[in-house]
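Below, each chain spelled out in residue letters.
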Amino acid sequence: MLIRKPAVIRPSAITPRETYFNRRELLRAAMLAGGAAFGGPALSAALPDGKRARLDDIKSSRFSTDEELNSYTDVTTYNNYYEFGTSKSDPFRNAQDFEARPWTIRVSGHAEKTGVFDLEDFIRPYDLEERIYRLRCVERWSMVIPWVGVSLAEIVKRHQPLSNAKYVRFETLLDPKQMPGQRYRTLDWPYVEGLTIAEATHPLAILAVGVYGEVLPNQNGAPIRLVVPWKYGFKGIKGIVSMEFTEKRPIGSWERAAPNEYGFYANVNPNVDHPRWSQARERRIGASGGTGFQSLLGASMQDTLMFNGYGEQVAHLYDGLDLRRNF
Ligand SMILES: Nc1nc2c(c(=O)[nH]1)N[C@H]1C(S)=C(S)[C@@H](COP(=O)(O)O)O[C@H]1N2
Ligand SMILES: [Mo]
């Protein structure tokens, strides 16, 4: 092929990153200047209410990718969240009035510390970290997103799972009044997902409460959602109200709907086709990604990496598992 990699400039992917980091630097400088008088950073993670409220004291993470970020617009207007409709623009359009506060999370099942926790207490006192991760959807698109979250491992350990706790099962809010998509049986509501304890205590797994340094927009799963970067996006359950430690393997909503298409593990695997399409490649959402000549040339298509590129860190979790059967 003569045309190799055209030098595509992606304004939507580049500009926001620059303005974003400039703004972050400014904020950091302002915090250093003013913060010292108050005796340093706050002791606990604070979760402000309100749209686009900024999160403070975000640590950076060595796990972040240095790929170009998707723009704030990409990240917040192209979503999957069937509770608000089945098309990619529905969540942005239909989730604006969703009430993500007050919010509680029920911790139940085989663990020492169970109960109902206010969101703030649930994530306290763990550090808020920025984790720039790829999100790879089973529908063959991907994005690079600057999540802000807390380590799921820390939270799981704090609740002290018992020895018969083999899995963690999460549930999304059930509220058809606020979630119009739940008035239709597109999925078995409430949305459910699960991880093994080993997956849930892996340092890459986070519970995200923000994106782009701000509280999570409703369409992205406010106020708290799972991000497991080596798995297809559908594992990343949004609007979490329940975390249960179980002995039996949970059945996620997509697995229940179509077990031959969506397995429990849902590890990103370019070698295992979805029954209706190949998973070998993916389209990076972005300015050059969607339309016109560039998409015809396939400039935005790229090879999908095993475990979404996190194989070195997570492959050992699946030693001895046949990943074709356990997809
Ligand atoms: N409760 C709930 N969580 C969900 C979904 C959903 O429909 N309902 N969709 C999943 C799918 S298929 C994907 S790809 C990701 C998309 O996350 P994003 O919109 O933040 O990019 O959310 C996941 N979490
Ligand atoms: Mo997805």
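Residues numbered from 1 in each chain as written. Chains lettered and ligands numbered in written order. Predicted model: local features only at pLDDT ≥ 70, side-chain atom pairs only at ≥ 80, totals over all residues. Heavy atoms only, no water.

Asker: Looking at this model, I keep getting lost on the pairing of strand 6 (residues 167–172). Mind explaining?
Answerer: On any regular strand, side chains alternate: one points to one face of the sheet, the next to the other face. Where strand 6 lies against strand 7 (residues 192–196), 5 bridges are found, and the strand directions are antiparallel. Its bridge partner being in strand 7, Phe 170 is matched across the sheet by Glu 193. The sheet contact formed by strand 6 and strand 11 (residues 240–246) spans 6 bridges and is antiparallel. Bridge assignment links Glu 171 to a residue of strand 11, and that residue is Ser 242. (Pairing = 2+ DSSP bridges. Helix = DSSP H or I, 4+ residues; strand = E, 2+ residues; numbered from the N terminus.)

Asker: Help me understand the nonpolar core, please; the structure alone is not making it clear to me.
Answerer: Looking at soluble globular proteins, one finds that nonpolar side chains tend to be buried together. The biggest cluster of nonpolar side chains holds 85 residues, and the ones touching the most others in it are Trp 147 and Ile 224. Sort the elements by how many residues they give to this core and strand 5 (residues 141–151) lands first, with 7 residues. Apart from residues no more than four positions distant in its own chain, Ile 224 is found in contact with Trp 103, Ile 105, Leu 119, Phe 122, Ile 123, Leu 207, Ala 208, Val 209, Leu 216, Lys 238, Gly 239 and Ile 240. (Core = buried A, V, L, I, M, F, W, Y, C linked by side-chain atoms within 4.5 Å. Buried < 20%, exposed > 50% of the residue type's maximum accessible area, 1.4 Å probe, protein only. Contact = heavy atoms within 4.5 Å.)

Asker: Would you explain the site of ligand 1 in this entry?
Answerer: Of all residues adjacent to ligand 1, which total 17 residues, the nearest are Tyr 82, Glu 83, Arg 225, Gly 236 and Lys 238. Note that an oxygen atom of ligand 1 is positioned 2.8 Å from one of the side-chain N or O atoms of Asn 79. One nitrogen or oxygen atom from the side chain of Arg 225 is found 2.8 Å from an oxygen atom belonging to ligand 1. Against a free-state accessible area of 540 Å², the protein chains account for coverage of 99% of ligand 1. Split by residue class, the shell around ligand 1 holds 8 nonpolar, 6 polar and 3 charged. (Near = heavy atom within 4 Å. Polar contact = N/O pair within 3.5 Å; in protein donor to acceptor, adjacent residues only side chain to side chain. Areas by Shrake-Rupley, 256 points an atom, 1.4 Å probe, with all protein chains shown as cover. Nonpolar A, V, L, I, M, F, W, Y, C, P; charged D, E, K, R; others polar.)

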